[in-house]
Amino acid sequence: MSADWFRRRFLPGSPLPAPRPPRPRASPVPYRRPRFLRGSGSSPGTADAPRRPDARPVRSPARGRALPWNAGYAEIINAEKSEFNEDQAACGKLCIRRCEFQEDQEWLTLCPEELLTGHYWALFDGHGGPAAAILAANTLHSCLRRQLEAVVEGMMATQPPMHLSGHCVCPSDPQFVEEKGIRVEDLVIGALESAFQECDEVIGRELEASGQVGGCTALVAVSLQGKLYVANAGDSRDEVRPLSSEFTPETERQRIQQLAFVYPELLAGEFTRLEFPRRLKGDDLGQKVLFRDHHMSGWSYKCVEKSDLKYPLIHGQGRQARLLGTLAVSRGLGDHQLRVLDTNILLKPFLLSVPQVTVLDMNQLEPQEEDVVVMATDGLWDVLSNEQVARLVWSFLPGNREDPHRFSELAQMLIHSTQGKDDSPTQEGQVSYDDVSVFVIPLHNQGQGCSSH
Ligand code: MG
């Protein structure tokens, strides 16, 4: 983002934080469960059934409804933390068509046939209500398709080395593309990054129009041309070999402190950007304490001043860490109107909608029968470690090779393992009270079966 854009949008005097005249409100975003769960006993248009401890069913797509790559999916609603299941999921085929950029700045589809086909799986974990996650599940794949169609000519070019001289990509100076070493996968990563930003803007507009609030994390896997791209913005994760890491106020401390250093007005004099090992009190004035600032990964000493007694920009440890005392994630979609309680301080400037993208090259990997990607919202990772998930995968799949529904069964087993049942394969009885959603994507024999959004 440019400094000018940032200043116009977020700093005092900018139009966004100022109250706007009331406008006629659009209808609220209707609650629903993922479309591929239709026919599985869920009720897409209504709130979930009342939740007694024994009445939280694990839901999976109906038998016979194959997801892309025969992936498994399962979900469970939270234990009365909120009225709705605030996780959402989407998956389907991505059909990329040829487009040309016209002089009148309109996109025109010249050729209706698909140039490129891929697949898409996505998990969204909502907070502050289900609306942002539903909008993301409805929208992000369309944003991604549009972004990929803008660069598909370059992706399809066959001249070596991964030549991108197609007129969609760099019409005037193709030699610079080559000199820069820009690869096809860089175009896909850029398309994912732009799609997340575009989706974030759509969510902001739609929520404002309908008078709703909230945000969501986003974890997306996309298969294209023999590669699997995993894009993550938030604290959902994938396993067995970690392809993404979670983004929390703690993991992104330096980026967040750096922003407060450059634009101290974002804290409105209410917070200190410095991190201390504990919350400082009046008694600490004049004492030497450990601290760290935006440029430091280690700790150093300073003498406590009055301004250090303010509430810290990032406070708490682990799952309890909060940004501006409010939010547990540092990337995600939505939250355009979220403010610190009883203040005018916006959270949005500190939140990145841009994902981290990891690329898995299937040709190099040569996946084996039991190689899977497990994508899950934080409800799973709160109670199961990477190693426990890996053990569950390896204990289940080898003995069930003949079962065509084994990936769905595995997704359901992973959910059961978060419910602290006595028969849980982990035998450790941890319970997740959050919504939990899991995709298990097999990497071996990819390309079996698909469904539309
Ligand atoms: Mg969650």
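Structure's up top.
Residues numbered from 1 in each chain as written. Predicted model: local features only at pLDDT ≥ 70, side-chain atom pairs only at ≥ 80, totals over all residues. Heavy atoms only, no water.

## Side note on unusual backbone geometry
Moving on, step 1. One non-glycine residue, Asp 335, adopts positive backbone phi at about 60 degrees.
Moving on, step 2. When you line up the elements, Asp 335 lands in the loop between strand 13 (333–334) and strand 14 (356–361).
Moving on, step 3. Residue classification places Asp 335 among the buried positions, given a relative accessible area of 4%.
Moving on, step 4. Unlike most non-glycine residues, Glu 366 shows phi in positive territory, near 45 degrees.
Moving on, step 5. Along the chain, the position of Glu 366 falls in the loop between helix 7 (362–365) and strand 15 (372–376).
Moving on, step 6. Here Glu 366 falls in the exposed class, since its relative accessible area comes to 56%. (Helix = DSSP H or I, 4+ residues; strand = E, 2+ residues; numbered from the N terminus. Buried < 20%, exposed > 50% of the residue type's maximum accessible area, 1.4 Å probe, protein only.)

## Describing the coordination of the magnesium ion
Moving on, step 1. Donor atoms from the polypeptide that bind the magnesium ion are Asp 125 (OD), Asp 378 (OD) and Asp 434 (OD), placed at 2.0 to 2.2 Å.
Moving on, step 2. Counting gaps between the donor residues of the magnesium ion yields the pattern D-x252-D-x55-D. Of this pair, Asp 125 sits in strand 3 (residues 107–127) while Asp 378 sits in helix 8 (residues 378–381); the two residues are 253 residues apart in sequence, bridging distant segments of the chain. Here the two residues Asp 125 and Asp 378 agree in accessibility, since each one is buried. (Donors = N, O, S within 2.8 Å, 3.2 Å for Na, K, Ca; no water.)

## Some details on helix 5 (residues 184–210)
Moving on, step 1. Between the first and last C-alpha of helix 5 there are 39 Å, a value that for 27 residues agrees with the 39 Å anticipated at 1.5 Å per step.
Moving on, step 2. Taken from the residues just after helix 5, Gly 211 is the one with a positive phi, measuring 70 degrees. (Expected span 1.5 Å × (residues − 1).)

## Notes on the pairing of strand 1 (residues 72–76)
Moving on, step 1. In terms of residue burial, strand 1 counts as a mostly covered element, since 5 of its 5 residues are buried.
Moving on, step 2. Going residue by residue along strand 1, you find Gly 72, Ala 74 and Ile 76 tucked away on one face and Tyr 73 and Glu 75 tucked away on the opposite face as well.
Moving on, step 3. Looking at chain direction, strand 1 and strand 16 (residues 436–442) are connected through 5 bridges and run antiparallel. Within strand 16, the position partnered with Tyr 73 by the bridge is Phe 439. (Pairing = 2+ DSSP bridges.)

## Overview of the environment of Gly 286
Moving on, step 1. Within the secondary structure, Gly 286 sits in the loop between strand 7 (271–272) and strand 8 (288–291).
Moving on, step 2. Residue classification places Gly 286 among the partly exposed residues on the basis of a relative accessible area of 47%.
Moving on, step 3. Expressed as a C-alpha distance, the spacing of Gly 286 and Lys 302, which sit 16 residues apart in the sequence, is 9.2 Å.
Moving on, step 4. When sequence neighbours within four positions are dropped, the list of residues in contact with Gly 286 reads Cys 303 and Val 304. (Contact = heavy atoms within 4.5 Å.)

## A word on the layout of surface pockets
A water-sized probe, rolled over the atoms, reveals where empty space remains.
Moving on, step 1. Of the pockets and cavities examined, the largest pocket occupies roughly 1100 Å³.
Moving on, step 2. Along the walls of the largest pocket sit 49 residues, with His 127, Leu 327, Val 329, Asp 335 and Leu 338 positioned nearest its centre.
Moving on, step 3. If you list the elements that add at least two residues to the lining of the largest pocket, you get helix 1 (3–10), strand 3 and helix 5.
Moving on, step 4. Looking at which element gives the most residues to the lining of the largest pocket, the answer is helix 5, with 7 residues. (1 Å grid on protein atoms, 1.4 Å probe; cavity = no way out; pocket = protein on both sides within 12 Å on 5 of 7 lines; lining within 4 Å. Points joined across faces, edges and corners; volume = space filled by probe spheres on them.)

## A closer look at the packing of helix 2 (residues 131–149) against helix 5
Moving on, step 1. Closest axis-to-axis distance for the helix 2/helix 5 pair is 8 Å, and the angle between their directions is 140 degrees. In terms of their interaxial angle, helix 2 and helix 5 are classed as oblique. In the packing of helix 2 onto helix 5, the handedness of the crossing is right-handed. Counting all contacts with helix 2, which are made through Ala 131, Ala 132, Leu 135, Ala 136, Thr 139, Leu 140, Cys 143, Leu 144, Arg 146, Gln 147 and Leu 148, the residues of helix 5 involved are Val 188, Ala 191, Leu 192, Ser 194, Ala 195, Phe 196, Glu 198, Cys 199, Val 202, Ile 203, Glu 206 and Leu 207.
Moving on, step 2. Looking at the contact of helix 2 with helix 5 residue by residue, the classes come out as 17 nonpolar, 3 polar and 3 charged. (Axes fitted to C-alpha atoms, helices over the stretch in contact; angles between N-to-C directions. Parallel < 35°, antiparallel > 145°, perpendicular 65-115°, else oblique. Left-handed = near helix turned anticlockwise from the far one by under 90°. Nonpolar A, V, L, I, M, F, W, Y, C, P; charged D, E, K, R; others polar.)

## As for the nonpolar core
Moving on, step 1. Core analysis: the biggest nonpolar cluster contains 45 residues, and Tyr 120, Phe 124 and Leu 192 have the highest contact counts within it.
Moving on, step 2. Where this core is concerned, the elements lending two or more residues are strand 2 (87–101), strand 3, helix 2, helix 3 (152–156), helix 5, strand 4 (215–224) and strand 5 (227–233).
Moving on, step 3. Counting residues in hydrophobic clusters, the runner-up holds 23 residues, among them Val 374, Leu 384, Leu 414 and Val 440. (Core = buried A, V, L, I, M, F, W, Y, C linked by side-chain atoms within 4.5 Å.)

## Quick notes on a nonpolar patch on the surface
Moving on, step 1. A cluster of nonpolar side chains, contributed by Leu 290, Trp 299 and Tyr 301, occupies part of the molecular surface with about 300 Å² of accessible area.
Moving on, step 2. Accessibility expressed as a relative area gives 38% for Trp 299, which makes it partly exposed. (Patch = residues over 30% accessible without salt bridge, like charges linked within 9 Å, V, L, I, M, F, W, Y side chains within 5 Å. Areas by Shrake-Rupley, 256 points an atom, 1.4 Å probe, with all protein chains shown as cover. Salt bridge = Lys/Arg side-chain N within 4 Å of Asp/Glu carboxyl O.)

## Brief notes about the packing of aromatic side chains
Moving on, step 1. Within this structure, the stated rule accounts for 6 aromatic pairs.
Moving on, step 2. Taken together, a centroid distance of 5.2 Å and an interplanar angle of 65 degrees make the contact between Trp 69 and Trp 121 edge-to-face. Of this pair, Trp 69 sits in the loop between helix 1 and strand 1 while Trp 121 is found in strand 3, placing the two residues 52 residues apart along the sequence.
Moving on, step 3. Owing to a relative accessible area of 3%, Trp 69 belongs among the buried residues under this scheme.
Moving on, step 4. Considering the side-chain rings of Phe 271 and Tyr 311, the 5.9 Å spacing of their centres and the 85 degrees angle between planes classify their relative orientation as edge-to-face. One end of the pair, Phe 271, is in strand 7; the other, Tyr 311, is in strand 10 (residues 311–312), and 40 residues separate them in sequence.
Moving on, step 5. Of the residues examined, Phe 271 reaches a relative accessible area of 9% and is grouped as buried.
Moving on, step 6. Linked through ring pairs, Phe 36, Tyr 73 and Phe 439 together constitute an aromatic cluster. (Phe/Tyr/Trp six-rings, centres within 6.5 Å; stacked < 30°, edge-to-face > 60°.)

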